[in-house]
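Here is what each chain is made of, one letter per residue.
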Amino acid sequence: MDDALIYKDPYGVVLVIGAWNYPIQLTLVPVSGAIAAGNAVVIKPSEISSASAEFIANTIPKYLDNECYQVMCGGVQETTELLKEKFDYIFFTGNATVGRIVHAAANKHLTPVTLELGGKSPVYLDNTVDINVATRRILWGKCVNAGQTCIAPDYILCSKQMEEKFVESAKNVLKEWYGEHPQKSPDLCRIVSDNHYKRISKFLNEGKIAVGGRVDAEDRFIEPTILTNVSPTDHIMREEIFGPILPIINVDNVDDAIKFINDREKPLALYIFSTSKSNVDSLLQNTTSGGVCVNDTLMHLTLESLPFGGVGPSGMGAYHGKYTYDTFVHKKSTLVKNLNKLGEALQSSRYPPYSEKKLNFLKSVLKPSPNLKALKLFPYLLIFGLGILTSFLTGYVNKKQQILQ
């Protein structure tokens, strides 16, 4: 018999460039998949999270083969030099600007890539939800890691009426979580660097501060802040915020929200807060995003059964769970034929000289196979039939024995 097989081959030498916002997870999760798939790996942790980079550089050599798994630390110059080398696969997590540089470098060698980027992930909020539950879930997704998460809610689309309800609920929730003086809360982290602090804090000059707004440059602290009266053309609406500031844009209905989302680049995540099946279906069917979470934020990221990745400007490729392993293997299609004479005789029509008879035979062979799905049920039907037969025979034998007694 012939065999049709799929071999899963490692690509070879893989470059994994990690991110600074979750420096251990976003570096070592793809590394683990690359190792499981049989690749050698060059690991480049982010220099912005310097303590984590040092930890990775000191720890990896203690436990992994130094010839197969090496850590390269450094900044832009070192990364630029790394990208000049020919790798068999590159996995990058970071912003779209650097992602384009990585992609261009990979193109020179036709190296396949996975780009885990980001973008402005919108939240649609309608009037069918429990506003207190929705507010808590939206703010949790925004405040985790001070908004420095690639799939953090970036802005809200809702009616003016829902905006007012959300703002009032948010005041109570944030006070409950972080108290009167959020800067003293042990549950709010800081912005990663001075440069990032300066970039994010400038957004506070746009729109109207409805909640929060306090900052401390020396401490790199930005209070969780909600902005209203924001214009779609404001600078805050033209780049990923990546901080604890949440602007609200007013829309009248789900169709307006869909148009607003589709007029912009495809986001990494879309969050839908609604109990209306019609509204949820409309957004799912008429928008494109890396992933969707309905009536919660971030939680789709936690399911290993779901692939995680972007689309268009928010990224390419996906990983998590088994999908991480699949990312780092080449699926090699393989057909193994035998050389017996019967098989050769049946296939002899492919050889010249050709005739009408040979061509008709080839046409019949190349016709699509009939639907054989029903045959999958045959073993179950056979077992069922045997069960009935056994039951009948057992009853028959028992009856005979009673007669003889």
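Here the structure is shown first, and the text comes after it.
Residues numbered from 1 in each chain as written. Predicted model: local features only at pLDDT ≥ 70, side-chain atom pairs only at ≥ 80, totals over all residues. Heavy atoms only, no water.

A. Geometry of the pattern of salt bridges. One pass over the structure, following the stated rule, counts 16 salt bridges. As a salt-bridge pair, Glu168 and Lys171 come within 3.3 Å of each other at their nearest N and O atoms. Linking Glu168 with Lys171, this pair stays in helix α6 (residues 160–178), spanning 3 residues, or about one helical turn. Take Glu168: its relative accessible area is 45%, and that puts it in the partly exposed class. Judged by its relative accessible area of 38%, Lys171 is partly exposed. In this structure, the salt-bridge partner of Asp326 is Lys322, at a minimum N-O distance of 2.9 Å. With a gap of 4 residues between them, Asp326 and Lys322 both fall in helix α10 (residues 322–327), about one helical turn apart. (Salt bridge = Lys/Arg side-chain N within 4 Å of Asp/Glu carboxyl O. Helix = DSSP H or I, 4+ residues; strand = E, 2+ residues; numbered from the N terminus. Buried < 20%, exposed > 50% of the residue type's maximum accessible area, 1.4 Å probe, protein only.)

B. Broad picture of the environment of Ala170. Turning to its location among the elements, Ala170 is positioned in helix α6. Remark: the alpha-carbon pair of Ala170 and Gln285, spanning 115 residues in sequence, is separated by 30 Å. Setting aside residues no more than four positions away along its own chain, Ala170 makes contact with Thr135, Leu139 and Ile226. (Contact = heavy atoms within 4.5 Å.)

C. Inspection of the sheet that holds strand β13 (residues 245–250) at higher detail. Strand order in the open sheet formed by 7 strands is β9-β12-β13-β8-β7-β14-β15, with mixed pairing between adjacent strands. Whereas interior strands pair on both sides, the edge strands pair on one side only; in this sheet they are β9 (208–211) and β15 (291–294). Geometrically, the sheet is characterised by an average inter-axis angle of 25 degrees between neighbouring strands, direction not taken into account. Bridge count for strand β7 (residues 121–125) against strand β14 (residues 269–273) is 3 bridges, and the pairing is parallel. Residue pairing in the sheet places Tyr124 in a bridge with Ile272 of β14. (Pairing = 2+ DSSP bridges. Axes fitted to C-alpha atoms, helices over the stretch in contact; angles between N-to-C directions.)

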